[in-house]
Amino acid sequence: MAIEKLTEEECDAALADLDEWKLADDRQSISRVVKFGDFSAAFGFMTRVALIAESMDHHPEWSNVYNTVDITLTTHDAGGLSNRDIAMAGKIDALL
């Protein structure tokens, strides 16, 4: 089953509920930067997200420098944002 890319209208509506997420200029991905008290807290968060990502078979593009985690979500199979990205962003937000 093909994964459908969100339309511009669907994307705008979905992002209305994701306050901290920013839409990329090319509208193909969303990103968020999260800061923690220290490296251990940031790494623990990434571990929890990794378990969710595995269960959803949908993995973020991300990096970690000390207490900061930079997360980007996109669906390569759809060629941009899909409902999978919105669902993942919601689950990430719920961890915070």
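Residues numbered from 1 in each chain as written. Predicted model: local features only at pLDDT ≥ 70, side-chain atom pairs only at ≥ 80, totals over all residues. Heavy atoms only, no water.

Under the annotation held in an unreviewed UniProt entry, the protein chain carries the name Putative pterin-4-alpha-carbinolamine dehydratase and is attributed to Altericroceibacterium endophyticum. The UniProt entry for the protein chain carries the following comment under Catalytic activity (unreviewed entry): "(4aS,6R)-4a-hydroxy-L-erythro-5,6,7,8-tetrahydrobiopterin = (6R)-L-erythro-6,7-dihydrobiopterin + H2O". (UniProt positions renumbered as here; feature names shortened; annotations may be inferred.)

**Some words on the overall build of the protein chain**
Tallying secondary structure elements over the protein chain gives three helices and four strands in all. Along the chain direction, N to C, the helices and strands of the protein chain fall in the order α-β-β-α-β-β-α. Expressed as lengths along the three principal axes of its C-alpha atoms, the size of the protein chain is roughly 40 × 25 × 20 Å. Considering only contacts within the protein chain whose residues lie at least 6 apart along the sequence, 62% involve residues at least 24 apart. For the protein chain, the computed accessible surface area is about 5700 Å², with 51% contributed by carbon and sulfur atoms. A distance of 5 Å separates the average location of the 8 positive side-chain charges in the protein chain from that of its 18 negative side-chain charges. (Helix = DSSP H or I, 4+ residues; strand = E, 2+ residues; numbered from the N terminus. Contact = heavy atoms within 4.5 Å. Areas by Shrake-Rupley, 256 points an atom, 1.4 Å probe, with all protein chains shown as cover. Lys, Arg positive; Asp, Glu negative; His and termini not counted. Charge placed at Lys NZ, Arg CZ, Asp CG, Glu CD.)

**Brief notes about unusual backbone geometry**
Positive phi, normally seen in glycine, also occurs at Arg-27, with a value near 60°. Here Arg-27 lies in the loop between β1 (22-23) and β2 (30-35). The exposure class of Arg-27 is partly exposed, given its relative accessible area of 26%. The backbone of Asp-57 sits at a positive phi, close to 50°, despite the residue not being glycine. With respect to the helices and strands, Asp-57 occurs in the loop between α2 (39-56) and β3 (61-65). (Buried < 20%, exposed > 50% of the residue type's maximum accessible area, 1.4 Å probe, protein only.)

**Comments concerning helix α1 (residues 8-15)**
Residues of α1 that are buried: Cys-11, Ala-14 and Leu-15. The buried side chains of α1 occupy one side of the element, clustering within an arc of 95° when seen end-on. Summarising the contacts, the buried residues of α1 are in contact with β1, β2 and α3 (83-95). (Arc of directions from axis to C-beta.)

**Quick word on the pattern of salt bridges**
Counted under the stated rule, the structure contains three salt bridges. Across the salt bridge formed by Asp-12 and Arg-27, the nearest N and O atoms sit 2.8 Å from each other. Here Arg-27 lies in the loop between β1 and β2 and Asp-12 lies in helix α1, a separation of 15 residues in the sequence. Residue classification places Asp-12 among the partly exposed positions, given a relative accessible area of 42%. The partner of Asp-93 in a salt bridge is Arg-32, and the shortest N-O contact between them spans 2.4 Å. One end of the pair, Asp-93, is in helix α3; the other, Arg-32, is in strand β2, and 61 residues separate them in sequence. Among the ionic contacts, a cluster of salt bridges with common partners joins Glu-8, Asp-12 and Arg-27. (Salt bridge = Lys/Arg side-chain N within 4 Å of Asp/Glu carboxyl O.)

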